[in-house]
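Okay, here's what each chain looks like letter by letter:
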Amino acid sequence: MKATAEVATRAAIARRDSVARRKGVRTAAFRWLVLVVLILVWETVTRVLGSAFFPPPSMIVVRMYTMWFSGPPSTLFLTDPAIEHILPSLGRMAAGFAGGALAGVVLGLAVGLSARAYDYLDGVLQFLRAIPPPALITVFLVVFGFGLKAQLAFIMFSIVWPVLLNTADGARSVEPLHLQTCQVFRLTRAERLRRVILPSTLPKMFAGLRLAVSLSLIVMVFSELLPGTTDGIGFQLTFAKSQSDLTAMWAGIVLLGVLGYLLNELFLVVERRVLGWHHAAQQLTE
Amino acid sequence: MLEITNLSHVYGGGSPNAHHAIEGLNLSVAAGELLCIVGPSGCGKSTLLRSIAGLITPTGGQIKVEGDLVRQTPDNLAVVFQDYSRSLFPWMSVADNVALPLRRKNMDKKARREAAHEALESVGLAGAERKYPFQLSGGMQQRVAIARALAYRPSLMLMDEPFGSVDAQTREDLEDLVLKVRGHHRMTIVLITHDIDESVYVGDRVVVLSKAPAHVVGDLKVDLPGPRDQITTREHPDFVHLRAEVGRLVRGHAAAA
Amino acid sequence: MLEITNLSHVYGGGSPNAHHAIEGLNLSVAAGELLCIVGPSGCGKSTLLRSIAGLITPTGGQIKVEGDLVRQTPDNLAVVFQDYSRSLFPWMSVADNVALPLRRKNMDKKARREAAHEALESVGLAGAERKYPFQLSGGMQQRVAIARALAYRPSLMLMDEPFGSVDAQTREDLEDLVLKVRGHHRMTIVLITHDIDESVYVGDRVVVLSKAPAHVVGDLKVDLPGPRDQITTREHPDFVHLRAEVGRLVRGHAAAA
Amino acid sequence: MAGQADRGQDAHVTHDLRVSAQTLARARPVGTATRWSRRAAGAVAFVALIELLSRTGLVDPESLPPATEIAARGVTLVSDPAFRAHALTSMLAWAIGLGLAALIAVPLGLLLGSVPIIDAASRSVVEFLRPIPSVALIPLVALLIGTGLQLRVTLVVYAALWPILYNTMYGLRGVDPLAKESLRSYGFGPLSVLLRVSLPSSAPFIMTGFRLAAGVALILTVSTEIVAGQGEGIGVFIYLAGLAVPARMTDILAGVCWVGLFGVVVNALLVAAERRAFRWHHARLGEPG
Amino acid sequence: SMGGSTTASAPPSATAGGLEKTKIKIATLPAIDSAALYVAIDQKLFEKEGLEVTPQVVQAAPEAIPMLLNGEIDAMFGNYVSMFAAHDKGALKLRILAEGSRAAPDSLSIMALPDSPIKTAKDLEGKTINVNVLQNFQELALTQVLKANNVDPASIKYVQVTFQNIMPSWKSGQIDAAYLGEPMVTAATASMGARKILDPASGPAAEFPISGYVSTQEWYDKNPKVAAAFQRAIHNAAKLMENNREAVAKVLPTFTQIDAATAATVTFPYFSSNDNPVRLQRVADWMLEAKWLGKPIEVKTLMSPTTSG
Ligand SMILES: Nc1ncnc2c1ncn2[C@@H]1O[C@H](COP(=O)(O)OP(=O)(O)OP(=O)(O)O)[C@@H](O)[C@H]1O
Ligand SMILES: Nc1ncnc2c1ncn2[C@@H]1O[C@H](COP(=O)(O)OP(=O)(O)OP(=O)(O)O)[C@@H](O)[C@H]1O
Ligand SMILES: [Mg+2]
Ligand SMILES: [Mg+2]
């Protein structure tokens, strides 16, 4: 009787597994279906519209190919403009994101954990947070000069806020009993921070980081509007705009969209790894 | 009322550290019965309760409540969770916590408030209505959870170690309260407890579960003269005998049922 | 070891719904003593414990641990919280949860892991090391919290209803475990419980608190022959007598101590 | 940043709960006066830094005038009716944009956060749209809906949407599953559970998202005005000041100062509202409610 | 049906005889170049043609194109390079309503700071120079002038610097020489002692056409009479401005950030009082030569004959 139960259970598990897998496949298929349908609609509407401002996606893709991806195999099919513009942009974005996220986490923890730091910094941070960076371009320029430094400062200044605020919120909402447990066992500050506060802040921090990822793409484009810029996706995009080369501008838009999508997927993979415990613990209810 | 056949549940099915919590469990509870479940820690009692409440889908077997297969939470059910403090809503006052489920009952606001008040009073928390859960002691929170279930007047009530955090005196009062309410409103109650005396005192029947994977190893009818009373019942020779019997079953010294 | 004079604590002082949890409480615990505290639900036991641990600052009176006034958490202290499930870190495996405090103890990684393993084994959780808290039953989580405190080998251990969620058999094992560890390592232990039998069985002394605001209404020395044993001790006439006495005190029928 | 408001004043509320995240750095409770003096010190240090940078010539004073000059100009600006009109226009666009963003983002976040299939299906589209910068959108949106207030509001909504949306989605994930089960066990449907448990439980985090969005909306309002450079608005004021030869940096930075101060005030109001509405949250965490 | 029918000069009338519409909106730039429009308004020249013109200031010409396309505005003031590029890319079907401004000597200037090693045009080789927008009329004109001065135009590095940031970047050495227009030429000379190195509007690029009033062919086909009336008013304004500095100086502070004192001293561009396809064709040809256009543009087909005077 026990054996039969076991067999039945195994079968049940197998069934559940395959159901889950099928569900995953269906979701993925559904996602692609939605995408394909939307692109078809886009193509049709733009063709009917016939406006130079809204070129059909097929045209955009062709333009992207000729502009960036028709290079020799030796450069992974990247053309010279792609190497000249896309790679520096990605570098700026990555460096700006890393710096901004780090600053956001550090400041967020400081402000969220220390009443003293909060008192000293909150006013100034809130002030800075509301400041539109385009108004400060001149100041950025005289402080950092043309080029990379100003661009990175610009990106960091913009993306630090979501990370900072969400981290501070997370740091402040740590389960009180966890902190009491730390206190009781006299964990050092560093241990508390690393073993308890950081892990329980992570879920909210990731919400901020995810916002920051695509924000860093956006402000990367803005940073490439800074005086003296000579390369970058944003540079190409705004140049195309000023030349009324709308297909090229759309190529930039689509490239940004694709990059945003890819970065987000990458981000989710990282998040799933880092926050595995969180998601699992949330699965109490099936 | 409740019919469980060949129930089994595996956590983390498929993975190498899958855990068989329940296996081949059969159980039936008549309407109006108060069934106590005892069993070793971690054997699968809470899992069983959650399955009955439709909160998890067992990996095998089936559960019927009033003849209907449980797929979702059955109607007219209330649960007192083992982890009572997390089951209260921190953003609501105690009274609101108790009154919330009553929204399902077509009661107007005033009636809800009164019912909540009454239930809180019956668990000895008159006057705590306007406090928030975090302002209460552990035992008081547990009693709020009980009051919430009682105020709902379910036809099937599932209680997972409902009296674990209260003092002896209050515990006895709550036991009697459950007995009283059950009598008045013809509830069917499944109550998990670790206190063997308690299981015999409040139960019409005591079911003993084995170590994981859980299955029934003992099923004792408690035939004590009613109405039960904390002093006389506990002195009754049948009580003493039953309690010893349950104790033996829990310790695994008895023959399988 | 522990000296409490004229302690009082008011929650929400100043506001109209201030709550006097403790008032004029005096208590002293000798080194190596195992003191049990019993008292009605919500009377202020957990508040007292938190004050000793330096987690809250009492509004009146003072607490000294080994002669030093408690301002922050005293050294070498461990607490098993009543709300055990919330005190475990969900992002750490069970073994890591137990091993974490040992970082304060100048132990290398291997020693920590071994100590954690040993503690978990002693509470009957060998094999659960790599699980996460949410994968454990209520009683198992409670035992992890106990293992964490035990592995730490504090000189003062505070336990708030530490055995509330485990079955009778495990509970007895844990009681004996605490007694054993205490004997080995000369810990001072303050243990809150609602189980009067338990308080007499494990305690060197049982202190009974009044309803809120809490103060001491009974302080009984438990002079039972050692070593204690679940069967013989509980059958000892002194045990039966003491337990009745504590019961009377809790129910408020006895003269103040 | 919901801060720990004064502990001295509200000590009674949380006296007993003082153990919170603050214990990491807290030495001892401090009074109102200390806290305000710290805040003042922070602000003064910031102002002094700018003054110093400018006066010492470390940064070209023509590009970064001394803080005192900026402040003085800021004060006189208030009595300039043209500036006030600019400010009012900006505030209007900001308020409408932020309000619309919240109205769209919260329900959308609830939907995406609770129905995984919709989240999955829409994700590629959403993630594709999100990184498109407003510079690229301006001509397209302008062509479709025209310039003027509607253009600014659209761009503001588009940017302010995301923080609220994502904080709602992530907030939902953090809800205690047992709280949800509790309500479910009483026979409440998924919608009830969503609205009665998930929403209130994640409300504080959604509110943080809203505060983020308030800042983003402000930046977008002014930036769009600067880029579009027409009509009215503080951004237009800043843009025009930049057109002068030489650029009127004092005017620009005085305008920027007002934007920053407006941000500070909005944040303070939101924090205060938050503390009232989520007293349970802050009190439990050991912060005064 | 081109502007032929409007050649017969209709008597100016206040009652808008036969105009398709009387209220029109024109996008302009906050720069001296668009002064003619404001003078025409100020001197009631539009009123005489039966037109009520509302100017709408925009930052850059390309931004007005969507407004033109969705009917928010009727016409716009834009530089030819941008407009020809848009026409070439198919963003709009261009129709030039009236010529606007041409570069006058000293209204544009390549300048160096007093202590700069740059002394002559030849010294500019390999240097970094700012422009407002890349690949625009500034570069187009300078390229021709540099060639005429035996300087390799390809060796110049152009960087895009917004108006407001030219001075700071120049002073901090981010750019070697500044490409300035009025009123900055005057200001830089007066306040910084900057030296003029080269006039980009000299030699082959003398009287180089910069901007004009344009609309779409579609709009023009619907409103030929309005177009003619508008052209007349602009040309008449330009004539009036030729020897009446005050008329210009009076309006400048109303739509630019130039104060009255500066307005009295700055060098004005030439304001065109007639349309001349030949000089405009030069712009299109140079653009084609620079490969900024995909195919040649025959400018004449985009213009109407002058009906004023
Ligand atoms: N989410 C989960 N994932 C994996 N294993 C789980 C999960 N929940 C419970 N388990 C395992 O299932 C077994 C039964 O758990 P359950 O909570 O039903 O026990 P219980 O009988 O209620 O115990 P207790 O009396 O201690 O509360 C335990 O061994 C536990 O480790
Ligand atoms: N944070 C708080 N704010 C206000 N009142 C509180 C707070 N914490 C506890 N109390 C009140 O103080 C009293 C004592 O609480 P405490 O937790 O010490 O009780 P206890 O003796 O441990 O009870 P139990 O046995 O039920 O756990 C209770 O009446 C409770 O309502
Ligand atoms: Mg359980
Ligand atoms: Mg307690």
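For the structure itself, consult the block above.
Residues numbered from 1 in each chain as written. Chains lettered and ligands numbered in written order. Predicted model: local features only at pLDDT ≥ 70, side-chain atom pairs only at ≥ 80, totals over all residues. Heavy atoms only, no water.

Looking now at the coordination of the magnesium ion (ligand 3). Residues and elements named next belong to chain B. Protein-derived coordination of the magnesium ion (ligand 3) comes from Ser46 (OG) and Gln82 (OE1), at a distance range of 1.9 to 2.2 Å. In this pair, serine 46 is assigned in helix α1 (residues 45-52) and glutamine 82 in the loop between β6 (77-80) and α2 (84-87), connecting sequence segments 36 residues apart. The exposure class of serine 46 is buried, given its relative accessible area of 16%. Given the relative accessible area of 15%, glutamine 82 is considered buried. (Donors = N, O, S within 2.8 Å, 3.2 Å for Na, K, Ca; no water. Helix = DSSP H or I, 4+ residues; strand = E, 2+ residues; numbered from the N terminus. Buried < 20%, exposed > 50% of the residue type's maximum accessible area, 1.4 Å probe, protein only.)

Before going further, it helps to spend a moment on the site of ligand 2. Taken together, 22 residues are adjacent to ligand 2, and Ser137 of chain B together with Gly42, Lys45, Ser46 and Thr47 of chain C come closest. Between ligand 2 and glycine 138 of chain B there is a distance of 3.5 Å, counted from an oxygen atom to a backbone nitrogen or oxygen. A distance of 3.1 Å is found between an oxygen atom of ligand 2 and a side-chain nitrogen or oxygen belonging to histidine 19 of chain C. When ligand 2 is considered free in solution it has 640 Å² of accessible area, and contact with the protein chains removes 95% of it. Where the shell around ligand 2 is concerned, the elements lending two or more residues are α5 (138-152) of chain B together with β2 (19-29) and α1 (45-52) of chain C. When grouped by side-chain class, the residues that make up the shell around ligand 2 number six nonpolar, 12 polar and four charged. (Near = heavy atom within 4 Å. Polar contact = N/O pair within 3.5 Å; in protein donor to acceptor, adjacent residues only side chain to side chain. Areas by Shrake-Rupley, 256 points an atom, 1.4 Å probe, with all protein chains shown as cover. Nonpolar A, V, L, I, M, F, W, Y, C, P; charged D, E, K, R; others polar.)

Chain D puts 79 residues into the contact, and the matching count from chain A is 91 residues. For the pair chain D and chain A, the number of links is six salt bridges. Where aspartate 119 of chain A meets arginine 39 of chain D, a salt bridge forms, and the shortest distance between an N and an O atom there is 3.8 Å. Along the contact surface separating chain D from chain A lie 15 residue pairs in polar contact (both at pLDDT 80 or more). Elements supplying a minimum of two residues to the side of chain D that touches chain A: α2 (32-55), α5 (116-129), α6 (134-145), α7 (149-173), α8 (177-185), α9 (190-228), α11 (249-277) and α12 (279-284) of chain D. Taken together, the residues of the side of chain D that touches chain A sort by class into 48 nonpolar, 18 polar and 13 charged. (Contact = heavy atoms within 4.5 Å. Salt bridge = Lys/Arg side-chain N within 4 Å of Asp/Glu carboxyl O.)

What follows covers empty space enclosed by the protein. Going through the model one piece at a time under the given rule, you end up with 12 cavities of 30 Å³ or more. The calculated volume of the second largest cavity comes to roughly 550 Å³. Around the second largest cavity sit 30 residues that line it, and Leu215 and Val219 of chain A together with Ala159, Val216 and Leu220 of chain D are the ones nearest its centre. Mapped onto the lining of the second largest cavity, the elements with two or more residues apiece are α6 (148-172) and α8 (189-223) of chain A together with α6, α7 and α9 of chain D. Considered class by class, the residues forming the lining of the second largest cavity number 23 nonpolar, five polar and two charged. (1 Å grid on protein atoms, 1.4 Å probe; cavity = no way out; pocket = protein on both sides within 12 Å on 5 of 7 lines; lining within 4 Å. Points joined across faces, edges and corners; volume = space filled by probe spheres on them.)

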